[in-house]
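Topology and contacts: notes
Below are the chains, spelled out letter by letter.
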Amino acid sequence: MKIIKRINNNAVLCLDGDGNRVVALGSGLGCVKLQEELDLDLVDHTFYDIEPRYVDLLRDLPADHIELAARIADMARAMLSYELSPHLDIALADHISFAIKRSKEGIYLQMPFTYDIQQSYPVEYKIAEYAVRLVKSDLGVLLPPTEVSGVAMSIVNSAVAPSADQARRQEDALERITGIVEDKMGVRVDREGFGYSRFATHVQYLMRRVLDGDPIASENSGMYAQLVLDNPKVSACVDVISSAIEEEYEAAL
């Protein structure tokens, strides 16, 4: 790889043999000369397909924040079944840097939808909890619990949009499930309301796991059994939805 631009003391922009732009990170890389071949032994991380605005963002981010964010992003890519943006590492580093700055200045953000995020994106939330623990152990900064939701949403928002076919299947499934709710519960669903937006998020996450063949473990089975007893009409509706999903996608919930 040939170095074409110095970003800061620990980051350079390169071109690989195929002409792809690559950001390389490593201690002291900013001291190398332009147009030289990069010594790969000096490189800790490489990022492909980074947009120019993210390259510029790297200039002001501390190297240890980028390093920690890269570890979190690597974990997210290994644990999640969907594709994540190549910009996730830098977006996470930026979020973590601002979270640390807010914490040191005594500024605490309110996250009113923490429960919804935790329920809708349980794997992402677990990764975010680990990230906050890493900030404490590696950087010596104790972030408030609300920052977990912020990190989780940074991961969620970095999801690469599904293909047109996948998106259409998810939309069709959502509409079919909504129709079942209307029919079995005897209601008209307001598709513009906030409640429906939350419901749609849950369904879309469910369908993504179904289509990817990625079941999720839950500790709520005991709670669900009680809910079935307390809400027989809702339970019957859910059973019809489950059967419809199994029939359409050959995947038992």
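A brief look at the structure comes next. Quantities reported herein were computed from a predicted structural model and do not represent experimental measurements.

1. Quick look at the sheet that holds strand β1 (residues 2-8)
The strand order β1-β2-β3-β4 describes an open sheet built from 4 strands, whose pairing is antiparallel. In this open sheet, the two strands that pair with only one neighbour each are β1 and β4 (45-48). Direction aside, the axes of adjacent strands within the sheet are offset by 25° on average. Sheet topology places β1 next to strand β2 (residues 11-15); 5 bridges connect them, and they run antiparallel. Residue pairing for β2: Lys5 is matched across the bridge by Leu13.

2. Things to note about the pattern of salt bridges
What the rule picks out here adds up to 9 salt bridges. Notably, a salt bridge pairs Asp138 with Arg71, separated by 2.6 Å at the nearest N-O pair. Of the two residues, Asp138 is situated in helix α5 (residues 122-139) and Arg71 in helix α2 (residues 63-79); the sequence distance between them amounts to 67 residues. In this structure, Asp89 engages Arg77 in a salt bridge whose closest nitrogen and oxygen atoms are separated by 3.0 Å. Note that Asp89 is positioned in helix α3 (residues 88-104) and Arg77 in helix α2, a separation of 12 residues in sequence. Salt bridges linked by common partners bring Glu175, Glu182 and Arg191 together as one network.

3. Focus: the packing of α2 against α3
Two elements in contact, α2 and α3, have axes whose closest approach is 8 Å; the angle formed by their N-to-C orientations is 125°. Viewed along their axes, α2 and α3 adopt a mutual orientation that is oblique. Every pair of crossing elements has a handedness; the one defined by α2 and α3 is right-handed. Residues His65, Ile66, Leu68, Ala69, Ala70, Ile72, Ala73, Ala76 and Arg77 of α2 lie in contact with α3, whose contacting residues are Leu88, Asp89, Leu92, Ala93, Ile96, Ser97 and Ile100.

4. Remarks on α2
The end-to-end C-alpha separation of α2 is 25 Å, in line with the 24 Å expected for 17 residues at 1.5 Å each. Structurally, α2 contributes buried residues whose contacts are with β3 (21-25), β4, α1 (52-58), α3, α5 and α6 (146-156).

Criteria and thresholds
- Residues numbered from 1 in each chain as written.
- Predicted model: local features only at pLDDT ≥ 70, side-chain atom pairs only at ≥ 80, totals over all residues.
- Heavy atoms only, no water.
- Pairing = 2+ DSSP bridges.
- Helix = DSSP H or I, 4+ residues; strand = E, 2+ residues; numbered from the N terminus.
- Axes fitted to C-alpha atoms, helices over the stretch in contact; angles between N-to-C directions.
- Salt bridge = Lys/Arg side-chain N within 4 Å of Asp/Glu carboxyl O.
- Parallel < 35°, antiparallel > 145°, perpendicular 65-115°, else oblique.
- Left-handed = near helix turned anticlockwise from the far one by under 90°.
- Contact = heavy atoms within 4.5 Å.
- Expected span 1.5 Å × (residues − 1).

Note that all results are geometric; they support no functional claim without further evidence.
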